[in-house]
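# Structural overview
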Amino acid sequence: MKKTVWVIGWVVLLGGTGFWLAHNQQTQQAQVQAAALPLPVTVTVAPVRRQSLTTETSYIGQSTYWREVAMTATTQGIVRRLYVRLNGSVREGQPLLRVDADVNEASLVVAEGTLAKARQDLVRYETLHRENNSTASEVENARLQVRNAEFQLLSIRKQVGDALIKAPIGGTITEKPIERGMFIAPGTPLATITDVSAVKVTISVPETELTDWAVGQVVPVRFEAYPGVPFRGTVHHIGLKGGDWSVSGTAVPGTSVPGRFPVEIRVNNANTRYSLRVGLTAQVSRNKRPVTPVLTIPRTAIIQNGDSTAVYVLQGQRVQRRPIQTGDVVGTDLVVRRGLEAGERIVVSGATGLRNGLPVHSSTLQP
């Protein structure tokens, strides 16, 4: 009897020990599996909001001169008088310089004498022809001599007149490569006159926004050189050809930007206190668009990978990467055109290292 009890005790002891060892092994395996699972990441989320926005689009451009004329000589001679200086102002029709015209003036006297004689000969031949003492051919030849003399006189008079060179437009002398005493010939550069009574600001407008612009439209313009000083410009020209224009509105040969068109805006330069120059950076604002309800998300939610734009959406306690299509930037927010619904919660902070299906601890961003 005692032996039987002893055997039963050992069996119970061995069974309990085996059970304890098996339970301990299961617990260790569960701990190993739990340790292998990724730890939840702490992120901040915010809801996708539907807002009614009043937007105002700005475009960056650069000021250029309104008109500019590079003058070249049409006659030859020595510069005897110079009436302008570099960076000086000139009026339209104002004399710039005078060239030695002694030779041309002498030629003018000869040409006037030649024309007078040709006219006398024509009168004589016409008289003789009426008396049947000259032929019709002689009369026609005399008329031809008169016409040739008139053309020659006209040409020399123009050369004499060209000796006094006048400004074709008003503006500022920005280049003056000549000096008094220099010899010039036809084609010699004389001066460059730049008209900045107004400046031209050229911006690049996407084709989807061209209908918002019209010639004669008045738009606000601001220059970085004069912060806080408002200017107003008038749309002067809308380009018919798009393509080779950068976002800043500057022509870039060989760089094609499809769907963008140049728009030229004229800004008067009458304010002497805030004088506009060529090359100033300008910001042109378009009139505000009508109020439109749109979906917006914080810009910090965006995950950019090459040309792909995406966000992480919180689903339960896990995140899911979702591609989206975005629109305009509105302050710190971004308009969402496709891919999200109002009320969905997206990760706006702590997205580094996230991947699909990863568990997270989330806190909501307070508006």
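Residues numbered from 1 in each chain as written. Predicted model: local features only at pLDDT ≥ 70, side-chain atom pairs only at ≥ 80, totals over all residues. Heavy atoms only, no water.

### Focus: the overall build of the protein
Helices and strands together make up the secondary structure of the protein, namely 3 helices and 22 strands. Counting over 367 residues, the protein shows a buried share of 33%. Nonlocal contacts in the protein, meaning residues at least 24 apart in sequence, comprise 73% of its contacts between residues at least 6 apart. Counting only carbon and sulfur atoms, one obtains 54% of the accessible surface of the protein, whose full area is about 22800 Å². (Helix = DSSP H or I, 4+ residues; strand = E, 2+ residues; numbered from the N terminus. Buried < 20%, exposed > 50% of the residue type's maximum accessible area, 1.4 Å probe, protein only. Contact = heavy atoms within 4.5 Å. Areas by Shrake-Rupley, 256 points an atom, 1.4 Å probe, with all protein chains shown as cover.)

### Thoughts on the confidence of the model for the protein
As a note on interpretation, predicted positions should not be read in detail where pLDDT is low. Model confidence for the protein is summarised by a mean pLDDT of 82, while 83% of its residues fall at 70 or above. Taken together, the stretch residues 247-256 has pLDDT below 50 and engages in 21 contacts with residues farther than four places along the chain or on a different chain. (pLDDT = per-residue confidence, 0-100.)

### Describing the environment of Gly 181
Note that Gly 181 resides in the loop between β8 (171-175) and β9 (183-184). Distance in space between the C-alpha atoms of Gly 181 and Arg 81 is 8.3 Å, their sequence separation being 100 residues. Discounting residues that sit within four places of it in the chain, Gly 181 has contacts with Ile 78 and Val 79.

### Focus on the sheet that holds strand β15 (residues 292-298)
A sheet is described by the order of its strands in space; here 4 strands give the open sequence β2-β15-β20-β19, paired in antiparallel fashion. Of all strands in the sheet, those bounded by a partner on one side alone are β2 (49-53) and β19 (325-330). Adjacent strand axes in the sheet meet at a mean angle of 50° when their direction is disregarded. Note that β2 and β15 share 5 bridges and pair antiparallel. By the bridge assignment, Leu 53 is partnered in β15 with Thr 292. (Pairing = 2+ DSSP bridges. Axes fitted to C-alpha atoms, helices over the stretch in contact; angles between N-to-C directions.)

### Considering the nonpolar core
In terms of nonpolar packing, the biggest core is built from 20 residues, with Ile 203, Trp 213, Val 221, Phe 223, Ile 265 and Val 267 touching the most fellow members. Secondary-structure elements contributing two or more residues to this core are β10 (189-206), β11 (218-223), β12 (231-238), β13 (260-268) and β14 (281-285). By size, the runner-up hydrophobic cluster in this structure holds 16 residues, among which are Val 99, Ile 169, Ile 178 and Ile 184. (Core = buried A, V, L, I, M, F, W, Y, C linked by side-chain atoms within 4.5 Å.)

### Describing the packing of aromatic side chains
The relative placement of two aromatic rings is captured by the distance of their centres and the angle of their planes. Inspection of the entire model under this criterion finds 4 aromatic pairs. Seen in terms of ring centroids, Phe 223 and Phe 231 are 5.2 Å apart; in terms of plane orientation they differ by 90°. Their pairing is edge-to-face. Assessed through its relative accessible area of 2%, Phe 223 is described here as buried. Counting every residue linked through ring pairs, the aromatic cluster contains Phe 223, Tyr 226, Phe 231 and Tyr 274. (Phe/Tyr/Trp six-rings, centres within 6.5 Å; stacked < 30°, edge-to-face > 60°.)

### Observations regarding helix α2 (residues 102-130)
Between its first and last C-alpha, α2 extends 43 Å over 29 residues, near the 42 Å set by a 1.5 Å rise per residue. Listed as buried for α2 are Asn 104, Leu 108, Ala 111, Leu 115, Ala 118 and Leu 122. Tucked inside the fold, the buried residues of α2 contact α3 (136-162). Positive backbone phi, approximately 65°, marks Asn 132, located one or two places after α2. (Expected span 1.5 Å × (residues − 1).)

### So, the pairing of strand β18 (residues 318-323)
Where strand β17 (residues 308-315) meets β18, 6 bridges bridge the pair, whose relative direction is antiparallel. Paired with Tyr 312 across the two strands is Arg 321, which belongs to β18. Counted between consecutive antiparallel strands, the loop separating β17 from β18 contains 2 residues, among which Gly 316 sits at a positive phi close to 70°.

### Observations concerning unusual backbone geometry
A positive phi angle, close to 70°, is found at Asn 87, a residue other than glycine. Looking at where Asn 87 falls in the secondary structure, it is placed in the loop between β4 (77-82) and β5 (89-90). The backbone of Asn 132 shows a phi angle near 65°, a positive value even though the residue is not glycine. Of note, Asn 132 is situated in the loop between α2 and α3. Given a relative accessible area of 71%, Asn 132 falls into the exposed group.

### Some details on the pattern of salt bridges
On inspection of all chains with the given rule, the structure shows 15 salt bridges. Between Asp 195 and Arg 67 there is a salt bridge whose closest N-O contact spans 3.2 Å. Here Asp 195 is found in strand β10, whereas its partner Arg 67 is found in strand β3 (residues 58-72), with 128 residues between them in sequence. On the basis of relative accessible area, Asp 195 is assigned to the buried category, the value being 6%. We note a salt bridge from Lys 158 to Asp 162, for which the minimum N-O separation is 3.0 Å. One end of the pair, Lys 158, and the other, Asp 162, are both in helix α3, 4 residues apart, so they sit about a helical turn from each other. We classify Asp 162 as buried; its relative accessible area is 19%. (Salt bridge = Lys/Arg side-chain N within 4 Å of Asp/Glu carboxyl O.)

### A short note on the environment of Ser 349
Inspection of the secondary structure assignment puts Ser 349 in strand β21 (residues 345-349). Residue Ser 349 is classed as partly exposed on the basis of its relative accessible area, which comes to 39%. When the C-alpha atoms of Ser 349 and Ser 363 are compared, they prove to be 9.8 Å apart, with 14 residues separating the residues in sequence. Among all residues touching Ser 349, those that are not within four sequence positions of it are Val 43 and Thr 44.

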